[in-house]
Amino acid sequence: MTESELIRELTEHAQVITRKNTRLASALAAARQELATLHQEIDRLTAPPLSFGTYLRTVDALERTVDITTAGRRMRVRVSQSVPLGGLEPGTTVLLDDHLSVVATSEADDAGEIVVIEQRLDPNHVLVVVRGEDTRVLRLAGDLARERLRLGDSLLADLREGYALRRILRAEVEDLLLEEAPETSWEAIGGLDDAIEQIRDAVELPLTRPELFTRYGLRPPKGVLLYGPPGCGKTLIAKAIATSLSATSGTDAYFLNIKGPQLLDKYVGETERRIRLIFARARDKAALGLPVVIFFDEMESLFRTRGSGVSSDVETTVVPQLLAEIDGVEELRNVIVIGASNREDMIDPAILRPGRLDVKIRIDRPNADGTAAILTRYLTADLPVAEKEITDAGGVGEAIAVMRARTLDALFARNEETALLTVRRRSGARETWHLADLVSGAMIANIVDRAKNAAIKTELATGTGGLTTAHLLAAVAREVTENADLPGASDPEEWARVVGRGHGGDPIIAVIPR
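Conventions used here
Residues numbered from 1 in each chain as written. Predicted model: local features only at pLDDT ≥ 70, side-chain atom pairs only at ≥ 80, totals over all residues. Heavy atoms only, no water. Helix = DSSP H or I, 4+ residues; strand = E, 2+ residues; numbered from the N terminus. Expected span 1.5 Å × (residues − 1). Buried < 20%, exposed > 50% of the residue type's maximum accessible area, 1.4 Å probe, protein only. Salt bridge = Lys/Arg side-chain N within 4 Å of Asp/Glu carboxyl O. Pairing = 2+ DSSP bridges. Axes fitted to C-alpha atoms, helices over the stretch in contact; angles between N-to-C directions. 1 Å grid on protein atoms, 1.4 Å probe; cavity = no way out; pocket = protein on both sides within 12 Å on 5 of 7 lines; lining within 4 Å. Points joined across faces, edges and corners; volume = space filled by probe spheres on them. Nonpolar A, V, L, I, M, F, W, Y, C, P; charged D, E, K, R; others polar. Domains from an automatic or database assignment. UniProt positions renumbered as here; feature names shortened; annotations may be inferred. Contact = heavy atoms within 4.5 Å. Parallel < 35°, antiparallel > 145°, perpendicular 65-115°, else oblique. Left-handed = near helix turned anticlockwise from the far one by under 90°.

### Details of helix α15 (residues 469-484)
Reasoning step 1: A rise of 1.5 Å per residue sets the reference length of α15, with its 16 residues, at 22 Å; its end C-alpha atoms lie 23 Å apart and thus fit the reference within 8%.
Reasoning step 2: All buried positions along α15 are accounted for by Thr-469, His-471, Leu-472, Ala-475, Val-476, Glu-479, Val-480, Asn-483 and Ala-484.

Below, the structure written as structure tokens:
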């Protein structure tokens, strides 16, 4: 073997060894990496658990020391260099290692207790009610501290750490305070012209001509009571007031529609809290210059005369709460309280005295002229009218006028066909009540709707459509039958008071169906 051949062979051998060494080095590096990974996993699995805490404030930025609370204990700890101090704000959840150093941040807990705001003490603290009984002062977490919180708002809180974390929208509260934007004009209400004029004088004048009230030293009324039999337009009037206030003020009025039974709660103090919540919401809106209407429907169900023994005497605490809130309305110019009741005699007199619900307006059953006005709202020329009716009357408008007149006559007829029942009073006097004695706007609307349904069924059955006088008269007859079947025989006088036909001096002692 020549020298050159030997050199070539040795070179090839060296290259083979080099490749083997490279592979071995790579395998060794991989093994070391895998071993390091296994060591890290072992360290991770055997490391003590991290604990949670809540950041309070930075004590020394140079020394990186902060105050935290953990499990209700307040501690001063150091912060790892991997955690930027600028990212910490009050209420931030932090992770602590076994040396109790802050090593990371975490998401706040998504579970906790629900508390209710009683008072905001300062930008970072609130006074809250816990479980409807205890009161606590809580710190506000960073994001929550920047929100506009109101009395009665529900918050998710970590009571051990003393922090309110975020606002919670509770369905029962939001439903109770549903802010409707009614679109009911005065023109949509028929047969109540005198009552509407009184209401507009009481509600609209102070807003449209405040300088006159100031000049005469006259204080605008705080509230209005609408009372009278059911179905006669009290709720409709309240909505029209809100619509009218929107028009006169140039901005949408807020209409808080509260039914008395909605406020009742079996837990002590909860009903009073809801009343405070309602007026707090009203004050928030009024402070922005917006007109607010607080409408209490079925007022007698909640604000009964104290000491009457009804509703387990819940009114002994609920009524004073309402009185306190109404008295506080005088600080605001844009809040009007409206109550509606079928039994005004059952409402606590302190609510009805001047200075609270100042204006009291009876919304009575419509007479013949009022009923005719209401019929014009429901029987209009744009309704589909049977061709025969149009031909007989000489036009659509004339046919509608005939229908109104015939329906009016049927409603106010006093004969055996419209007799509902006979009542016997304590004096021995007997009275026969007819449909005209119980007529209301709601009844008129029901009669027209029933006639329209009958017209639809006729069209489906025969192919001939259109509303007829016969449909309306049949609807009136059906109304007579239904009302005759529903007298209040268990307590006749109470029933008579509800429907607006009671007579305290000579009470009803018996109701005799026809």
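### Looking at the pattern of salt bridges
Reasoning step 1: The tally for this structure, following the rule as stated, stands at 17 salt bridges.
Reasoning step 2: Among the ionic pairs, Asp-67 bridges to Arg-57, the shortest N-O distance being 3.3 Å. Linking Asp-67 in strand β2 (residues 65-70) with Arg-57 in strand β1 (residues 51-60), this pair joins segments that are 10 residues apart in sequence.
Reasoning step 3: The exposure class assigned to Arg-57 is partly exposed, which follows from its relative accessible area of 39%.
Reasoning step 4: Residues Arg-276 and Glu-118 are paired through a salt bridge, measuring 3.5 Å at the closest nitrogen-oxygen approach. Of this pair, Arg-276 sits in helix α8 (residues 270-287) while Glu-118 sits in strand β6 (residues 113-122), and the two are 158 residues apart along the sequence.
Reasoning step 5: A relative accessible area of 22% means that Arg-276 is categorised as partly exposed.
Reasoning step 6: Of the residues examined, Glu-118 reaches a relative accessible area of 29% and is grouped as partly exposed.
Reasoning step 7: When salt bridges with common partners are traced through the structure, they connect Arg-57, Asp-67, Arg-74 and Arg-76 into a single cluster.

### Some thoughts on the sheet that holds strand β8 (residues 134-140)
Reasoning step 1: Read around the closed barrel, the five strands follow the order β6-β7-β8-β10-β9; overall the barrel is mixed. Averaged over all pairs of adjacent strands, the angle between their axes in this sheet comes to 55°, without regard to strand direction.
Reasoning step 2: Two elements, strand β7 (residues 125-130) and β8, share six bridges in a ladder whose sense is antiparallel. Across the sheet, Val-126 pairs through a bridge with Leu-138, a residue of β8.

### Overview of the pairing of β7
Reasoning step 1: As paired elements, β6 and β7 share six bridges and run antiparallel to each other. Each bridged residue has a counterpart across the sheet, and for Val-115 the counterpart in β7 is Val-130.
Reasoning step 2: Counting the residues that bridge the hairpin from β6 to β7 gives two residues.

### Re empty space enclosed by the protein
Reasoning step 1: By the definition in use, this model includes one cavity of 30 Å³ or more.
Reasoning step 2: In this structure, the largest cavity spans a volume of roughly 30 Å³.
Reasoning step 3: Those elements giving two or more residues to the lining of the largest cavity turn out to be β6 and α8.
Reasoning step 4: Taken together, the residues of the lining of the largest cavity sort by class into four nonpolar, one polar and three charged.
Reasoning step 5: Formed jointly, the lining of the largest cavity draws a minimum of three residues from each of two domains, domain 2 (113-169) and domain 3 (176-362).

### Observations concerning the pairing of strand β5 (residues 102-106)
Reasoning step 1: Pairing analysis gives four bridges linking strand β4 (residues 93-96) to β5, with the strands arranged antiparallel. The residue bridging Thr-93 from the neighbouring strand is Ser-106, located in β5.
Reasoning step 2: Linking β4 to β5, which pair antiparallel, is a turn of five residues; within it Leu-100 sits at a positive phi near 60°.

### As for the UniProt feature "binding site: ATP" (unreviewed entry) in the protein
Reasoning step 1: Residues annotated by UniProt as "binding site: ATP" (unreviewed entry) correspond here to Gly-231, Cys-232, Gly-233, Lys-234, Thr-235 and Leu-236.
Reasoning step 2: Here Gly-233 is to be found in the loop between β12 (223-227) and α6 (234-249).
Reasoning step 3: By the secondary structure assignment, Thr-235 is in helix α6.
Reasoning step 4: On the basis of relative accessible area, Thr-235 is assigned to the partly exposed category, the value being 26%.
Reasoning step 5: If we ignore the near neighbours within four places in the chain, the residues touching Thr-235 are Phe-295 and Asp-297.

### Here we look at the packing of helix α13 (residues 396-412) against α15
Reasoning step 1: Look at α13 against α15: their axes get within 10 Å of each other, and the N-to-C directions meet at 20°. Classified by the angle their axes make, α13 and α15 are roughly parallel. Regarding α13 and α15, the two cross each other, and that crossing is right-handed. Here Met-403, Arg-406, Thr-407, Ala-410 and Leu-411 of α13 come into contact with α15, specifically with Thr-469, Leu-472, Leu-473 and Val-476.
Reasoning step 2: Residue classes in the contact of α13 with α15 are distributed as six nonpolar, two polar and one charged.

### Thoughts on the environment of Thr-58
Reasoning step 1: Tracing the backbone shows Thr-58 in strand β1.
Reasoning step 2: Each C-alpha atom of the pair Thr-58 and Pro-90 lies 9.4 Å from the other, and the pair is 32 residues apart in sequence.
Reasoning step 3: Filtering out sequence-adjacent residues up to four positions away, Thr-58 remains in contact with Thr-65 and Val-66.

### Side note on the sheet that holds β4
Reasoning step 1: Across the sheet, which stays open at both edges, the five strands sit in the order β3-β2-β1-β4-β5 with antiparallel pairing between neighbours. Strands with a single pairing partner mark the edges of an open sheet, and in this sheet they are β3 (73-78) and β5. Each adjacent strand pair in this sheet contributes to an overall mean axis angle of 45°, direction not counted.
Reasoning step 2: Bridging between β1 and β2 involves five bridges; their strand directions are antiparallel. Residue pairing across strands places Tyr-55 opposite Ile-68, the latter belonging to β2.

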